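Architecture at a glance
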Amino acid sequence: MAEEEKKEEKKIIVDEDWKKEAQKEKDILAAKEESEKKAEEQGKRHEPLPEGNLAALVSMLTTQALFALGFLQIKGQEPREPDLELAKYQIDMLETLQEKTKGNLTKAEEKVLENTLSELHMGYVKVAG
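A short tour of the structure in this document, coming up. Note that the structure is a prediction, hence the values are computed from the model and not measured.

Tallying secondary structure elements over the protein gives four helices and zero strands in all. Secondary structure elements of the protein, listed N to C terminal, follow the sequence α-α-α-α. Out of the 129 residues in the protein, the part that is buried amounts to 16%. Expressed as a percentage of contacts within the protein between residues at least 6 apart in sequence, the contacts between residues at least 24 apart total 60%.

Below, the discussion takes up the nonpolar core. In this structure, L54, V58, I91, L94, L113, L117 and L120 are the most contacted members of the largest nonpolar core, which totals 14 residues. Contributing elements (two or more residues each) for this core: α2 (54–69), α3 (84–100) and α4 (107–128). It is α2 that provides the largest number of residues to this core, a total of six residues. Once you skip the residues sitting within four places of it in the chain, I91 turns out to touch A65, L117, L120, H121 and Y124.

Let us now look at the layout of surface pockets. Size it by volume and the largest pocket reaches roughly 200 Å³. If you trace the largest pocket, you find 13 residues lining it, with F67, A68, L72, R80 and E81 closest to the centre. Partitioning the lining of the largest pocket into residue classes produces six nonpolar, three polar and four charged.

What follows concerns a nonpolar patch on the surface. Residues F67, F71, L72 and I74 make up a contiguous nonpolar surface patch of about 330 Å² in total accessible area. For F67, the position within the fold is in helix α2. On the basis of relative accessibility, which here comes to 38%, the residue F67 falls in the partly exposed class.

Over its 17 residues, α3 runs 24 Å from end to end, which matches the ideal 24 Å to within 8%, given 1.5 Å per residue. Residues of α3 that are buried: A87, Q90, I91, L94 and L97. For α3, the arc enclosing every buried residue in end-on projection is 110 degrees, short of the 170-degree limit, so these residues lie on one face. Looking at α3, the residues exposed on the side facing more than 90 degrees away from the buried face are E85, E99 and K100. The inward-facing, buried residues of α3 contact α2 and α4.

Scoring rules and cut-offs
- Residue positions are counted from 1 within each chain, in the order its sequence is given.
- Totals for whole chains, interfaces and linings use every residue, but because this is a predicted model, local features are given only for residues with pLDDT of at least 70 and side-chain atom pairs only at 80 or more, for both listing and counting.
- Only heavy atoms go into the side-chain values, all of them from the structure, while hydrogens and water stay out.
- Segments assigned H or I by DSSP are reported as helices when at least four residues long, segments assigned E as strands when at least two residues long, and all are numbered from the N terminus.
- The buried label applies to any residue whose accessible area, calculated with a 1.4 Å probe on protein chains only, is under 20% of its type's maximum; exposed applies above 50%, and partly exposed to all values in between.
- Two residues qualify as a contact provided that any one of their heavy atoms is within 4.5 Å of a heavy atom in the partner residue.
- To form a nonpolar core, buried Ala, Val, Leu, Ile, Met, Phe, Trp, Tyr and Cys residues must be joined to one another through side-chain atoms within 4.5 Å.
- We place a 1 Å grid over just the protein atoms. Points where a 1.4 Å probe fits but has no way out form a cavity, open points with protein on both sides within 12 Å along at least 5 of 7 lines form a pocket, and any residue with an atom within 4 Å of a point lines it.
- Grid points are joined across faces, edges and corners, and a volume is the space filled by probe spheres set on the points.
- Lys, Arg, Asp and Glu make up the charged group, whereas Ala, Val, Leu, Ile, Met, Phe, Trp, Tyr, Cys and Pro make up the nonpolar group; the residues left over, Gly among them, are polar.
- Patches here: salt-bridge-free residues with over 30% relative accessible area, like charges joined within 9 Å, nonpolar side chains (Val, Leu, Ile, Met, Phe, Trp, Tyr) joined within 5 Å.
- In this description, accessible areas are obtained by the Shrake-Rupley approach with a 1.4 Å probe, and a residue is regarded as covered only by the protein chains that are shown.
- Salt bridge criterion: a side-chain nitrogen from Lys or Arg within 4 Å of a carboxyl oxygen from Asp or Glu.
- Take the residue count of a helix, subtract one, and multiply by 1.5 Å to get its expected span.
- The arc under discussion is defined with respect to the helix axis, by the directions toward the C-beta atoms.

Following this line, the structure appears as structure tokens:
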């Protein structure tokens, strides 16, 4: 009987050690998640920004135009009315970029800019009409 009691005691001790270790790991993970959350809230990035290039600039201006036209919405917010004046401004900026870079772009860059402007013009007409 005495041997059985010792075995049971050891199991309890082992269980308590295991619980303590598990709790330590939980605490460490929680602290790590909290620090990552704070870093994100402060705007700190863990990864480098992508290379700045023409495609990124065109994409940025296009995204702004699509928001202004109402084709893109922010999740969780009520849909907004299209802002045709702002959309026209963004499209004009892309047209200016196309004009000022004429002859200095690769064929692929020219095609991206041309196709993007074509799609935005059609979207503008659709919303404005």
